[in-house]
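# Topology and contacts: notes
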Amino acid sequence: MPTFYALVIGASSTIAQAAIQQFEGDQDCLGILAVSRSLPNNPVDEKTQWLESDYTEASIQQVCKKLTPYSGKINKVLICNGVLHDESMMPERKLEEIRASQLETIFHTNTIIPMLWLSQLLPVLQGEQATQVALFSARIGSISDNKTGGWYSYRASKAALNMLIQTSAVEYARRAKNVKLIAFHPGTTDTPLSKPFQRSVPKDKLFTADFVATQLLSIMKSVTMDNKAAYLDWNNHPIDW
(Lines give C-alpha, C1' and ligand atoms only; values in the text may rest on other atoms or scores of the structure.)
Protein backbone atom coordinates (compact mmCIF):
# COMPACT_ATOMS: atom_id res chain seq x y z
CA MET A 1 0.00 0.00 0.00
CA PRO A 2 1.37 3.48 -0.85
CA THR A 3 2.32 5.72 2.04
CA PHE A 4 0.06 8.69 2.74
CA TYR A 5 -0.67 11.71 4.90
CA ALA A 6 -3.96 12.02 6.80
CA LEU A 7 -5.88 15.25 7.37
CA VAL A 8 -8.24 15.38 10.35
CA ILE A 9 -10.46 18.48 10.61
CA GLY A 10 -12.34 19.08 13.84
CA ALA A 11 -9.52 17.18 15.48
CA SER A 12 -10.51 17.87 19.06
CA SER A 13 -13.70 15.78 18.78
CA THR A 14 -13.77 12.37 20.44
CA ILE A 15 -13.96 10.30 17.24
CA ALA A 16 -11.32 12.45 15.56
CA GLN A 17 -8.97 11.85 18.48
CA ALA A 18 -9.50 8.10 18.19
CA ALA A 19 -8.80 8.25 14.45
CA ILE A 20 -5.60 10.23 15.01
CA GLN A 21 -4.36 7.54 17.40
CA GLN A 22 -5.05 4.86 14.79
CA PHE A 23 -3.24 6.85 12.10
CA GLU A 24 -0.34 7.25 14.54
CA GLY A 25 -0.06 3.48 14.70
CA ASP A 26 -0.37 2.93 10.95
CA GLN A 27 3.06 2.25 9.43
CA ASP A 28 1.83 3.48 6.03
CA CYS A 29 0.83 6.87 7.47
CA LEU A 30 3.71 9.34 7.13
CA GLY A 31 2.00 12.02 9.19
CA ILE A 32 -1.26 13.49 10.42
CA LEU A 33 -2.30 17.09 9.90
CA ALA A 34 -4.80 17.90 12.65
CA VAL A 35 -6.94 21.03 12.49
CA SER A 36 -8.74 22.38 15.56
CA ARG A 37 -9.84 25.66 17.12
CA SER A 38 -7.07 25.51 19.70
CA LEU A 39 -3.77 23.67 19.88
CA PRO A 40 -3.09 21.05 22.58
CA ASN A 41 -0.91 22.26 25.46
CA ASN A 42 1.48 19.32 25.41
CA PRO A 43 1.15 17.37 22.17
CA VAL A 44 2.83 13.97 22.48
CA ASP A 45 1.89 12.31 19.19
CA GLU A 46 5.01 11.77 17.11
CA LYS A 47 3.46 12.03 13.67
CA THR A 48 0.81 14.68 14.29
CA GLN A 49 1.23 18.31 13.28
CA TRP A 50 -1.42 20.65 14.68
CA LEU A 51 -2.92 23.56 12.75
CA GLU A 52 -5.17 26.17 14.36
CA SER A 53 -8.35 27.41 12.70
CA ASP A 54 -11.40 29.31 13.91
CA TYR A 55 -13.29 27.88 10.87
CA THR A 56 -14.02 31.23 9.31
CA GLU A 57 -13.77 31.31 5.53
CA ALA A 58 -10.49 33.27 5.67
CA SER A 59 -9.01 30.88 8.24
CA ILE A 60 -9.93 27.82 6.17
CA GLN A 61 -8.27 29.41 3.13
CA GLN A 62 -5.11 30.07 5.18
CA VAL A 63 -4.93 26.49 6.43
CA CYS A 64 -5.37 25.12 2.91
CA LYS A 65 -2.49 27.33 1.72
CA LYS A 66 -0.32 25.80 4.46
CA LEU A 67 -1.29 22.37 3.11
CA THR A 68 0.02 23.17 -0.38
CA PRO A 69 3.35 21.33 0.18
CA TYR A 70 1.31 18.17 0.81
CA SER A 71 -0.65 18.43 -2.45
CA GLY A 72 -1.32 14.99 -3.89
CA LYS A 73 0.04 13.31 -0.75
CA ILE A 74 -3.00 13.64 1.54
CA ASN A 75 -5.07 10.55 0.81
CA LYS A 76 -7.26 10.25 3.92
CA VAL A 77 -9.41 13.18 5.03
CA LEU A 78 -11.85 13.29 7.94
CA ILE A 79 -14.11 16.35 8.28
CA CYS A 80 -15.59 15.94 11.74
CA ASN A 81 -17.16 19.36 12.42
CA GLY A 82 -20.62 19.11 13.91
CA VAL A 83 -22.96 20.32 16.65
CA LEU A 84 -26.26 19.02 17.99
CA HIS A 85 -26.72 20.99 21.20
CA ASP A 86 -24.95 23.26 23.66
CA GLU A 87 -25.71 25.09 26.89
CA SER A 88 -28.25 27.32 25.17
CA MET A 89 -30.05 24.94 22.78
CA MET A 90 -31.37 21.41 22.43
CA PRO A 91 -32.92 19.64 19.40
CA GLU A 92 -36.41 20.99 18.68
CA ARG A 93 -39.24 18.56 19.40
CA LYS A 94 -42.04 20.66 17.91
CA LEU A 95 -42.58 23.60 15.56
CA GLU A 96 -43.08 26.10 18.40
CA GLU A 97 -39.45 25.56 19.44
CA ILE A 98 -38.01 26.70 16.11
CA ARG A 99 -35.66 29.70 16.47
CA ALA A 100 -33.79 31.47 13.69
CA SER A 101 -30.67 31.72 15.83
CA GLN A 102 -30.56 27.95 16.38
CA LEU A 103 -31.14 27.19 12.71
CA GLU A 104 -28.32 29.56 11.76
CA THR A 105 -25.89 28.14 14.34
CA ILE A 106 -26.56 24.50 13.46
CA PHE A 107 -26.43 25.10 9.70
CA HIS A 108 -23.21 27.08 9.98
CA THR A 109 -21.35 24.33 11.83
CA ASN A 110 -22.89 21.24 10.24
CA THR A 111 -23.28 22.41 6.65
CA ILE A 112 -21.39 25.59 5.78
CA ILE A 113 -18.05 24.80 7.44
CA PRO A 114 -17.69 21.30 5.90
CA MET A 115 -18.63 22.73 2.49
CA LEU A 116 -15.97 25.44 2.77
CA TRP A 117 -13.40 22.71 3.41
CA LEU A 118 -14.57 20.72 0.37
CA SER A 119 -14.28 23.87 -1.72
CA GLN A 120 -10.82 24.91 -0.59
CA LEU A 121 -9.27 21.43 -0.45
CA LEU A 122 -9.85 20.58 -4.11
CA PRO A 123 -6.40 21.64 -5.40
CA VAL A 124 -4.66 19.99 -2.44
CA LEU A 125 -6.36 16.65 -3.04
CA GLN A 126 -5.84 16.44 -6.80
CA GLY A 127 -3.36 13.69 -7.57
CA GLU A 128 -2.74 10.12 -8.66
CA GLN A 129 -3.34 8.18 -5.45
CA ALA A 130 -6.84 7.08 -4.44
CA THR A 131 -8.10 9.56 -1.86
CA GLN A 132 -11.10 9.28 0.42
CA VAL A 133 -12.82 12.22 2.11
CA ALA A 134 -15.26 11.29 4.89
CA LEU A 135 -17.62 13.99 6.15
CA PHE A 136 -19.58 13.30 9.33
CA SER A 137 -23.23 13.23 8.37
CA ALA A 138 -26.04 11.28 10.09
CA ARG A 139 -28.81 8.87 9.19
CA ILE A 140 -31.23 11.51 10.42
CA GLY A 141 -30.21 13.57 7.38
CA SER A 142 -31.90 11.07 5.07
CA ILE A 143 -35.05 12.66 3.66
CA SER A 144 -36.48 9.30 2.59
CA ASP A 145 -35.84 7.80 6.06
CA ASN A 146 -37.62 10.55 8.00
CA LYS A 147 -40.52 8.85 9.75
CA THR A 148 -40.47 10.53 13.16
CA GLY A 149 -39.99 14.26 12.49
CA GLY A 150 -38.53 16.60 15.09
CA TRP A 151 -34.89 17.69 15.49
CA TYR A 152 -35.55 20.26 12.78
CA SER A 153 -32.23 22.14 12.69
CA TYR A 154 -29.97 19.12 13.00
CA ARG A 155 -31.97 16.97 10.59
CA ALA A 156 -32.14 19.70 7.94
CA SER A 157 -28.47 20.67 8.32
CA LYS A 158 -27.37 17.09 7.65
CA ALA A 159 -29.78 16.75 4.71
CA ALA A 160 -28.31 19.94 3.25
CA LEU A 161 -24.79 18.64 3.87
CA ASN A 162 -25.67 15.44 2.01
CA MET A 163 -26.85 17.45 -1.00
CA LEU A 164 -23.66 19.50 -0.98
CA ILE A 165 -21.57 16.31 -0.82
CA GLN A 166 -23.47 14.83 -3.76
CA THR A 167 -23.13 18.03 -5.78
CA SER A 168 -19.44 18.36 -4.94
CA ALA A 169 -18.86 14.75 -6.03
CA VAL A 170 -20.11 15.65 -9.52
CA GLU A 171 -17.46 18.37 -9.84
CA TYR A 172 -14.72 16.37 -8.10
CA ALA A 173 -15.36 13.60 -10.65
CA ARG A 174 -14.31 16.04 -13.37
CA ARG A 175 -11.49 17.83 -11.60
CA ALA A 176 -10.11 15.30 -9.07
CA LYS A 177 -10.92 11.83 -10.33
CA ASN A 178 -8.80 10.27 -7.59
CA VAL A 179 -11.19 11.47 -4.84
CA LYS A 180 -14.15 9.65 -3.30
CA LEU A 181 -16.55 11.62 -1.07
CA ILE A 182 -18.30 9.77 1.77
CA ALA A 183 -21.19 11.01 3.91
CA PHE A 184 -20.58 8.94 7.06
CA HIS A 185 -23.09 8.04 9.77
CA PRO A 186 -21.13 6.97 12.87
CA GLY A 187 -24.13 5.67 14.80
CA THR A 188 -24.71 6.73 18.39
CA THR A 189 -21.23 7.09 19.84
CA ASP A 190 -20.27 7.74 23.45
CA THR A 191 -19.31 11.38 22.99
CA PRO A 192 -20.42 14.71 24.51
CA LEU A 193 -22.68 15.20 21.45
CA SER A 194 -24.82 12.19 22.37
CA LYS A 195 -24.64 12.39 26.19
CA PRO A 196 -28.14 13.82 26.81
CA PHE A 197 -29.73 11.12 24.63
CA GLN A 198 -27.89 7.96 25.67
CA ARG A 199 -30.50 6.66 28.15
CA SER A 200 -32.78 5.45 25.38
CA VAL A 201 -29.96 3.76 23.43
CA PRO A 202 -29.48 -0.01 23.92
CA LYS A 203 -26.01 -0.83 25.29
CA ASP A 204 -25.03 -2.73 22.16
CA LYS A 205 -25.94 0.31 20.02
CA LEU A 206 -23.83 2.82 21.97
CA PHE A 207 -20.42 2.66 20.33
CA THR A 208 -17.00 3.67 21.59
CA ALA A 209 -15.08 6.26 19.61
CA ASP A 210 -12.31 3.69 18.98
CA PHE A 211 -14.82 1.30 17.42
CA VAL A 212 -16.29 3.97 15.15
CA ALA A 213 -12.83 5.16 14.08
CA THR A 214 -11.83 1.58 13.27
CA GLN A 215 -14.99 1.08 11.22
CA LEU A 216 -14.55 4.35 9.33
CA LEU A 217 -10.90 3.80 8.43
CA SER A 218 -11.76 0.28 7.26
CA ILE A 219 -14.53 1.67 5.06
CA MET A 220 -12.18 4.25 3.59
CA LYS A 221 -9.70 1.54 2.63
CA SER A 222 -12.29 -0.68 0.94
CA VAL A 223 -14.75 1.80 -0.59
CA THR A 224 -15.32 1.64 -4.35
CA MET A 225 -13.53 4.49 -6.11
CA ASP A 226 -16.27 5.31 -8.62
CA ASN A 227 -16.40 9.14 -8.53
CA LYS A 228 -19.83 9.01 -6.89
CA ALA A 229 -20.74 10.19 -3.41
CA ALA A 230 -21.45 7.39 -0.92
CA TYR A 231 -23.81 7.65 2.07
CA LEU A 232 -22.73 4.91 4.47
CA ASP A 233 -23.27 3.93 8.08
CA TRP A 234 -20.70 2.64 10.56
CA ASN A 235 -21.33 -0.93 9.35
CA ASN A 236 -20.62 0.00 5.72
CA HIS A 237 -24.31 -0.27 4.83
CA PRO A 238 -25.64 2.26 2.30
CA ILE A 239 -28.28 4.74 3.49
CA ASP A 240 -30.98 6.04 1.17
CA TRP A 241 -30.48 9.70 0.43
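Overview of the structure.

Rules used throughout
Residues numbered from 1 in each chain as written. Predicted model: local features only at pLDDT ≥ 70, side-chain atom pairs only at ≥ 80, totals over all residues. Heavy atoms only, no water. Helix = DSSP H or I, 4+ residues; strand = E, 2+ residues; numbered from the N terminus. Rg over C-alpha atoms; globule rule 2.2 N^0.38 Å. Contact = heavy atoms within 4.5 Å. Areas by Shrake-Rupley, 256 points an atom, 1.4 Å probe, with all protein chains shown as cover. Lys, Arg positive; Asp, Glu negative; His and termini not counted. Charge placed at Lys NZ, Arg CZ, Asp CG, Glu CD. Phe/Tyr/Trp six-rings, centres within 6.5 Å; stacked < 30°, edge-to-face > 60°. Buried < 20%, exposed > 50% of the residue type's maximum accessible area, 1.4 Å probe, protein only. Lys NZ or Arg CZ within 6 Å of the ring centre and 35° of its normal. Polar contact = N/O pair within 3.5 Å; in protein donor to acceptor, adjacent residues only side chain to side chain. Pairing = 2+ DSSP bridges. Axes fitted to C-alpha atoms, helices over the stretch in contact; angles between N-to-C directions. Right-handed = clockwise from strand over helix to strand, strands pointing away. Expected span 1.5 Å × (residues − 1). Bend = angle between axes of the 7 residues up to and from the residue. Salt bridge = Lys/Arg side-chain N within 4 Å of Asp/Glu carboxyl O.

### What to know about the overall build of the protein
- Assigned secondary structure in the protein consists of five helices and seven strands.
- Seen in sequence order, the protein has helices and strands lined up from the N terminus as β-α-β-β-α-β-α-β-α-β-α-β.
- At 17 Å, the protein has a C-alpha radius of gyration in line with the 18 Å of a compact globule built from 241 residues.
- Across its three principal axes, the protein shows a C-alpha extent of roughly 50 × 40 × 40 Å.
- Across the protein, contacts joining residues at least 24 apart in sequence account for 69% of those joining residues at least 6 apart.
- Just so you have it, the protein exposes about 12100 Å², and 52% of that area is on carbon and sulfur atoms.
- For the protein, the distance from the average position of its 23 positive side-chain charges to the average position of its 23 negative side-chain charges is 4 Å.

### With respect to the packing of aromatic side chains
- This structure, assessed with the given rule, holds nine aromatic pairs.
- Between Y55 and W117 the ring centres are 6.3 Å apart and the planes differ by 75°, which places this aromatic pair in the edge-to-face class. Here W117 lies in helix α3 (residues 100-125) and Y55 lies in the loop between β3 (48-52) and α2 (57-66), a separation of 62 residues in the sequence.
- The exposure class of W117 is buried, given its relative accessible area of 0%.
- One aromatic cluster is present, built from ring pairs that chain together F207, F211 and W234.
- Directly above the ring of F4 sits K76, whose terminal nitrogen or CZ lies 5.9 Å from the centroid.

### A look at the side chain of D233
- Here D233 is to be found in strand β7 (residues 230-233).
- Reaching out from D233, the side chain makes a polar contact with the backbone nitrogen of N235 at a distance of 2.9 Å.
- Discounting chain neighbours no more than four positions away, the residues touching D233 are R139, F184, H185, I219 and I239.

### Notes on the sheet that holds β3
- Strand order in the open sheet formed by seven strands is β3-β2-β1-β4-β5-β6-β7, and the pairing between neighbours is parallel. One side of each edge strand has no neighbouring strand; the edge strands of this open sheet are β3 and β7. Here the average twist between neighbouring strands, direction ignored, is 20°.
- Relative to strand β6 (residues 179-185), strand β5 (residues 131-136) is paired through six bridges, and the arrangement is parallel. By the bridge assignment, L135 is partnered in β6 with A183.
- Seen against the sheet, helix α5 (residues 209-222) touches β4 (74-79), β5, β6 and β7 and runs at an angle of roughly 140° to β4.

### Structural notes on the pairing of β4
- β4 sits mainly inside the fold: six of its six residues count as buried.
- Examined bridge by bridge, strand β1 (residues 4-9) and β4 share five bridges and lie parallel to one another. Looking across to β4, one finds that I9 is bridged to I79.
- As judged from the four bridges shared by β4 and β5, these two strands associate in the parallel manner. Note on β5: the bridge partner recorded for V77 is V133.
- With α3 bridging β4 and the parallel β5, this β-α-β connection has right-handed handedness.

### Description of α3
- Taking 1.5 Å per residue as the helical rise, α3 with its 26 residues ought to reach 38 Å, and the 35 Å between its terminal C-alpha atoms agrees with that figure.
- The sharpest bend along α3 measures roughly 45° and falls at H108.

### Some points on the pattern of salt bridges
- Under the definition given, this model contains four salt bridges.
- The salt bridge involving D226 is made with K180; its shortest N-O contact spans 2.5 Å. Of the two residues, D226 is situated in the loop between α5 and β7 and K180 in strand β6; the sequence distance between them amounts to 46 residues.
- Taking the relative accessible area as the measure of exposure, D226 reaches 34% and is therefore partly exposed.
- Judged by its relative accessible area of 3%, K180 falls in the buried class.

From the geometry alone we can't say anything about function, so treat these as descriptive.
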